[in-house]
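Secondary and tertiary structure notes
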Amino acid sequence: MFTYTVAATFGYLTFGSLVTSDILESYDANDPVVLVGIVALAAKTHTTYPILLFCGRTAIDDIYIQARGLPAELAARGERKRRIMTALVWFITTLTLAAVTPNIGVVIQLLGSLAAVFIFVFPGLCLLQETLRKDPSIILLRNKFFVFISGVFLALGMGTFGLVLTQSIAEDINNPSEMETVNLCN
């Protein structure tokens, strides 16, 4: 949370209301420091894709097993096939979205709303769950404070999520010039 908040604050202090959804677009791409940042971002994306795929594939597999009520033996028997199919669908979906998305700014705006969930909502939920696990009756003053802080995190995260998502969708609807038509044949 602090890293994102500091980066966003300095981006706003540097560029004011002219800051773009992708802060790297606000800087000169010929600057070597910016190029290093772009390369680092590409390396981060390249290395996190397999981790995200693993987490997503595991979550989808668990949901499938629970929804179908599969016993452990049957679930283990079909695990390899489910793993391959999930990874294949995930990869094809990623490639399709990358091919048809007109520019990365649209994606960054939509994903920016999810950043609020990861930065505020999940930590707030974790703090709340941990506090309730240790003190279910919330007797201690310290735990009351933690419940209050987790409520602030949840409200701030959900409010930011809703606001950024709504602004992103409204901007995409009101500025169709940025949503160029995609021609895959060129």
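**Considerations on the overall build of the protein**
Helices and strands together make up the secondary structure of the protein, namely six helices and zero strands. The order of helices and strands in the protein, counted from the N terminus, is α-α-α-α-α-α. Here the protein has a C-alpha radius of gyration of 21 Å; the compact-globule value for 186 residues is 16 Å, and the former is much larger. Over its C-alpha atoms, taken along the principal directions, the protein stretches across nearly 55 × 50 × 35 Å. A burial count over the protein gives 17% of its 186 residues as buried. Pairs at least 24 apart in sequence give 62% of the contacts found in the protein among residues at least 6 apart. Carbon and sulfur atoms make up 71% of the accessible area of the protein, which amounts to about 13,600 Å² in all.

**Some thoughts on the pattern of salt bridges**
Scanning the entire structure with this criterion turns up four salt bridges. For Glu130, the salt bridge goes to Arg133, with nearest N and O atoms at 2.5 Å. Taken together, the residues Glu130 and Arg133, both in helix α5 (residues 104-134) and three residues apart, mark about one turn of the helix. According to the relative accessible area criterion, Glu130 is partly exposed, its value standing at 33%. Note that Glu130 and Lys134 form a salt bridge whose closest N and O atoms lie 4.0 Å from each other. Remark: Lys134 and Glu130 occur in helix α5; sequence separation between them is four residues, near one turn of the helix. The exposed category is assigned to Lys134, whose relative accessible area is 56%.

**A look at the packing of α5 against helix α6 (residues 141-174)**
Close contact between α5 and α6 brings their axes to 8 Å; oriented N to C, the two are set at 165 degrees. Taken together, the axis directions place α5 and α6 in an arrangement best described as roughly antiparallel. Between α5 and α6 the crossing geometry is left-handed. Among the residues forming the contact of α5 with α6, the class breakdown is 23 nonpolar, ten polar and two charged.

**Let's talk about the packing of aromatic side chains**
Two descriptors summarise a pair of aromatic rings, namely the distance from one centre to the other and the angle between the planes of the rings. Tallied over the full model, the rule gives four aromatic pairs. Seen from their ring centres, Phe15 and Tyr27 are 5.0 Å apart, and the 80 degrees between their planes marks the pair as edge-to-face. Of this pair, Phe15 sits in helix α1 (residues 2-15) while Tyr27 is found in the loop between α1 and α2 (32-68), placing the two residues twelve residues apart along the sequence. The exposure class of Tyr27 is partly exposed, given its relative accessible area of 37%. Seen from their ring centres, Phe145 and Phe146 are 6.2 Å apart, and the 50 degrees between their planes marks the pair as tilted. On the basis of relative accessibility, which here comes to 47%, the residue Phe145 falls in the partly exposed class. Using a relative accessible area of 26% as the deciding quantity, one classes Phe146 as partly exposed.

About the thresholds
- Residues numbered from 1 in each chain as written.
- Predicted model: local features only at pLDDT ≥ 70, side-chain atom pairs only at ≥ 80, totals over all residues.
- Heavy atoms only, no water.
- Helix = DSSP H or I, 4+ residues; strand = E, 2+ residues; numbered from the N terminus.
- Rg over C-alpha atoms; globule rule 2.2 N^0.38 Å.
- Buried < 20%, exposed > 50% of the residue type's maximum accessible area, 1.4 Å probe, protein only.
- Contact = heavy atoms within 4.5 Å.
- Areas by Shrake-Rupley, 256 points an atom, 1.4 Å probe, with all protein chains shown as cover.
- Salt bridge = Lys/Arg side-chain N within 4 Å of Asp/Glu carboxyl O.
- Axes fitted to C-alpha atoms, helices over the stretch in contact; angles between N-to-C directions.
- Parallel < 35°, antiparallel > 145°, perpendicular 65-115°, else oblique.
- Left-handed = near helix turned anticlockwise from the far one by under 90°.
- Nonpolar A, V, L, I, M, F, W, Y, C, P; charged D, E, K, R; others polar.
- Phe/Tyr/Trp six-rings, centres within 6.5 Å; stacked < 30°, edge-to-face > 60°.

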